[in-house]
Amino acid sequence: MSNSSPAILPSTDRADVTARLRDALLAASFTADGLLELLGAPAYAALARSETVPALRATRGDTPLETLVRLLLLQQPVPHARVAGVLPVDACVDAGWLLRTGEDEVAATVDVRPYGGPGGEDWFIVSDLGCAVGGAGGIGSPEEDVVLGVGGASTTLAGITVRTPVGSALDLGTGSGIQALHAAQHATRVTATDVNPRALHITALTLALSGAPAADLRPGSLFEPVRDDETYDLIVSNPPFVISPGARLTYRDGGMGGDDLCRALVQQAGERLNQGGFAQFLANWQHVEGEDWQDRLRSWVPRGCDAWIVQREVQDVMQYAELWLRDAGDHRRDAAEYQARYDAWLDEFEARKVRAVGFGWIALHRTDAAEPSITVEEWPHPVEQPLGDTVRAHFDRIDYLRAHDDAALLAGHFRLAAEVVQEQVGLPGAEDPEHVVLRQNRGMRRATRVDTVGAGFAGVCDGTLTAGRILDAIAQLVGEDPVMLRDRTPAQIRLLVEQGFLEPAR
Ligand SMILES: C[S@@+](CC[C@H](N)C(=O)[O-])C[C@H]1O[C@@H](n2cnc3c(N)ncnc32)[C@H](O)[C@@H]1O
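Rules used throughout
Residues numbered from 1 in each chain as written. Predicted model: local features only at pLDDT ≥ 70, side-chain atom pairs only at ≥ 80, totals over all residues. Heavy atoms only, no water. Buried < 20%, exposed > 50% of the residue type's maximum accessible area, 1.4 Å probe, protein only. Helix = DSSP H or I, 4+ residues; strand = E, 2+ residues; numbered from the N terminus. Pairing = 2+ DSSP bridges. Near = heavy atom within 4 Å. Polar contact = N/O pair within 3.5 Å; in protein donor to acceptor, adjacent residues only side chain to side chain. Areas by Shrake-Rupley, 256 points an atom, 1.4 Å probe, with all protein chains shown as cover. Nonpolar A, V, L, I, M, F, W, Y, C, P; charged D, E, K, R; others polar. Core = buried A, V, L, I, M, F, W, Y, C linked by side-chain atoms within 4.5 Å. Contact = heavy atoms within 4.5 Å. UniProt positions renumbered as here; feature names shortened; annotations may be inferred. Axes fitted to C-alpha atoms, helices over the stretch in contact; angles between N-to-C directions. pLDDT = per-residue confidence, 0-100. Domains from an automatic or database assignment. Expected span 1.5 Å × (residues − 1). Arc of directions from axis to C-beta. Salt bridge = Lys/Arg side-chain N within 4 Å of Asp/Glu carboxyl O. Phe/Tyr/Trp six-rings, centres within 6.5 Å; stacked < 30°, edge-to-face > 60°. 1 Å grid on protein atoms, 1.4 Å probe; cavity = no way out; pocket = protein on both sides within 12 Å on 5 of 7 lines; lining within 4 Å. Points joined across faces, edges and corners; volume = space filled by probe spheres on them.

### A few points about the pairing of strand 17 (residues 447–450)
Burial of strand 17 is one-sided: the residues Thr448 and Val450 facing one way are buried, the residues Ala447 and Arg449 facing the other way are not. In this structure, the hairpin formed by strand 16 (residues 435–440) and strand 17 is closed by a connection of six residues, where Gly443 is found at a positive phi of approximately 55°.

Below is the structure:
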């Protein structure tokens, strides 16, 4: 496969042109809301799946917005005169955003896609042509250094990231710059790194075109671009986590063998974090024969850090190989080549005794606590994004629990979290439920089984009485020895607090 860059890129030195382009895009309502209105929800959703036919049908007119959708999203050549009515076309050609194609036509050199920020900001994500969403499967022959736009993994990471104001943030493997763009809203200083120089160039374009402050852009692998004396309040990375037989596509294949790249990232992040800082990653990990996957992940957590690791999905090795073969568009090319690549993937897994691959989130919080807390769990159910506040609250509760022994817990006050409901599960018509479940309707949307004491306790928690007083009252009601109840219930309270059903009230 060729190693060369797919195309020329717009200049990062023409701030004047970038600003004029941004103004023109906004004036034509080339925004997430504008697109939704023009295309309608189904065609807009189809576009997000890399399907362009519905959008082509919806942009047969010649309004400024239709012109921009054809030019920048659908990457069609458009008559020069038509573009001139919408954009400073000659300046854009001069600065490399557009290219003269036929006699009287121009075409885009990069994909420019509107992206709505969490506060309603109108942002733009720049990426290589044909690589706006999903994988590189949409383009004819993916080059090694293509830079992808926003995919599901990008928005997942952006959604789970803790967004408290911080001094410094590091986006490792910045790609199109989406994580750096989010971080620029709440970090005074943003450093973005990538092993692919094209990605750094594209990140500079994304930030400038979105009207965000520039980031400190540094080339290099993993933490190499970070100086020994540099530490951060926030580190985020949506790394090239794909476990594959060889480094083929820089945006996804870490090239370190197995899940070594993810492990190295997590292990090395600890010493790069300031005290109180967070590091958040997406990752894939191997399920190896004869090994507990949770132990594997626990062993990655660096010293001084609490960790919360959530496995969101597990795929067997065949599903996994097929997923990434399709991502690269291999299924649409030569059948023999497809089979050879599939075979190589299975050989690789066989050699490593890998039976399945887990996908999920890894969050570290540097506390330097003497007894770090490491939670590794499986939660494949739907959650409510954004989860940044939920992640921060999880670590706050872990701190609280560490600082409170059982006696202190019983002297504490708790409040039932918002939107927790009780469900009774049992056979229809039965007098008593078989069991009672507490369910969160927000955040992680967890559900947990409780006994009658747990359910009664949670129901009374409004912050007024101490946990001990509530238990004494329950003991009287159910005719149980209050001392016994105080003895056996703290473990259940701990779990309800850890999982966010109960919140410390004061
Ligand atoms: C999956 S993309 C993520 C891009 C973007 N941050 C996002 O969230 O959409 C992974 C990025 O990591 C970069 N990368 C690959 N290997 C790397 C390494 N060893 N060190 C740093 N970055 C790397 C790739 O070039 C690519 O831009």
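Moving on from the model shown.
### So, the site of the ligand
As a structural note, the neighbourhood of the ligand is formed by 19 residues, with Ser154, Gly173, Asp194, Ser221 and Leu222 the closest of them. Here Ser221 contributes a side-chain N or O atom positioned 2.9 Å from a nitrogen atom of the ligand. Against a free-state accessible area of 590 Å², the protein chains account for coverage of 91% of the ligand. The residue makeup of the shell around the ligand, split by class, is eight nonpolar, 10 polar and one charged.

### Here's the deal with the nonpolar core
Formed by 78 residues in total, the largest nonpolar core has its most connected members in Phe281, Tyr320, Ile362 and Leu364. In this view, Phe281 contacts Leu157, Ile235, Ser237, Leu265, Val266, Ala269, Gly360, Trp361, Ile362 and Leu364; residues no more than four positions away in its chain are not counted. Core analysis: the second largest hydrophobic core is formed by 40 residues, Leu65, Leu71, Leu98 and Leu209 among them.

### Comments concerning the UniProt feature "domain: Methyltransferase small" (unreviewed entry) in the chain
Residues given the UniProt feature "domain: Methyltransferase small" (unreviewed entry) here are residues 165–284. Structurally, residues 165–284 is divided into 24% helix and 31% strand, and its ends, taken at the C-alpha atoms, are 29 Å apart.

### Considering the sheet that holds strand 17
Reading across from one edge, 15-16-17 is the order of the three strands in this open sheet, with antiparallel pairing throughout. Strand pairing shows two members of the sheet lacking a second neighbour, strand 15 (420–425) and strand 17, which therefore form its edges. Neighbour to neighbour, the strand axes of the sheet diverge by 30° on average, direction disregarded. Of the strand pairs in this sheet, strand 15 and strand 16 are connected by six bridges, and their pairing is antiparallel. Looking across to strand 16, one finds that Gln424 is bridged to Val436. Its contacts with the sheet place helix 17 (residues 452–460) against strand 15, strand 16 and strand 17, and it is angled at close to 115° to strand 17.

### Focus: the confidence of the model for the chain
For the chain, per-residue confidence averages 93 on the pLDDT scale, and residues scoring 70 or more make up 96% of the total. A low-confidence stretch, residues 1–5 stays under pLDDT 50, and its non-local contacts, those more than four residues away or across chains, total 13 contacts.

### Description of the sheet that holds strand 18 (residues 462–466)
The three strands are arranged 18-14-19 in an open sheet whose pairing can be described as antiparallel. Each edge of the sheet is formed by a strand with only one pairing partner; in this case those strands are strand 18 and strand 19 (502–504). Neighbouring strand axes in the sheet, compared pairwise and without regard to direction, differ in orientation by 35° on average. Two elements, strand 14 (residues 413–416) and strand 18, share two bridges in a ladder whose sense is antiparallel. If you follow His413 over to strand 18, its bridge partner there is Thr466. Lying on the sheet, helix 18 (residues 467–478) is in contact with strand 14 and strand 18; it crosses strand 18 at an angle near 75°.

### Notes on the domain arrangement of the chain
Here the chain is described as being made up of domain 1 (149–373) and domain 2 (404–504). For domain 1 versus domain 2, the separation of C-alpha centres amounts to 37 Å.

### A short note on helix 1 (residues 15–27)
Note: α-helices contain 3.6 residues per turn, so residues at a spacing of three or four share the same orientation. Its 13 residues place the ends of helix 1 18 Å apart at the C-alpha level, agreeing with the 18 Å of an ideal helix rising 1.5 Å per residue. Listing the buried residues of helix 1 in full gives Val17, Thr18, Leu21, Arg22, Ala24 and Leu25. Seen end-on, helix 1 carries its buried residues on one side only, within an arc spanning 165°. Along helix 1, the residues that are exposed and aim more than 90 degrees away from the buried face are Ala15, Asp23 and Ala27. The inward-facing, buried residues of helix 1 contact helix 5 (64–73), helix 7 (89–94), strand 4 (111–116), strand 5 (122–127) and helix 10 (197–209). Looking one or two residues past helix 1, Ser29 carries a phi angle of roughly 60°, positive in sign.

### As for the pattern of salt bridges
A full pass over the atoms with the stated rule returns 32 salt bridges. Residues Asp111 and Arg113 are paired through a salt bridge, measuring 2.8 Å at the closest nitrogen-oxygen approach. Just as Asp111 is buried, Arg113 falls in that class too. Here Arg488 and Glu480 are joined by a salt bridge, their closest N and O atoms 3.0 Å apart. One network of salt bridges, with partners in common, ties together Asp216, Arg218, Arg227, Asp229 and Glu230.

### A closer look at the packing of aromatic side chains
For any pair of aromatic rings, the description rests on two quantities: the centre-to-centre distance and the angle between the ring planes. In total, this model carries nine aromatic pairs according to the counting rule given. Aromatic side chains Tyr320 and Trp324 sit 6.3 Å apart centroid to centroid with 65° between the ring planes, which places their arrangement in the edge-to-face category. With Tyr320 and Trp324 both in helix 13 (residues 317–327) and four residues apart, the pair spans about one turn of that helix. For the residue pair Tyr320 and Trp324, the accessibility class agrees, reading buried in each case.

### Here we look at the side chain of Thr174
Within the fold, Thr174 resides in the loop between strand 6 (166–172) and helix 9 (178–183). A polar contact is formed between the side chain of Thr174 and the side chain of Thr203, at a distance of 3.4 Å.

### A word on empty space enclosed by the protein
For the structure on display, the rule yields two cavities of 30 Å³ or more. Each pocket or cavity is described by its volume, and for the largest cavity that value is around 50 Å³. The wall of the largest cavity is formed by Leu21, Leu25, Leu72, Leu87, Trp97, Leu98, Ala108, Thr109, Val110, Val112 and Leu209. Lining the second largest cavity, in full, are Ile160, Gln280, Trp308, Val310, Trp361, Ala363 and Val391.

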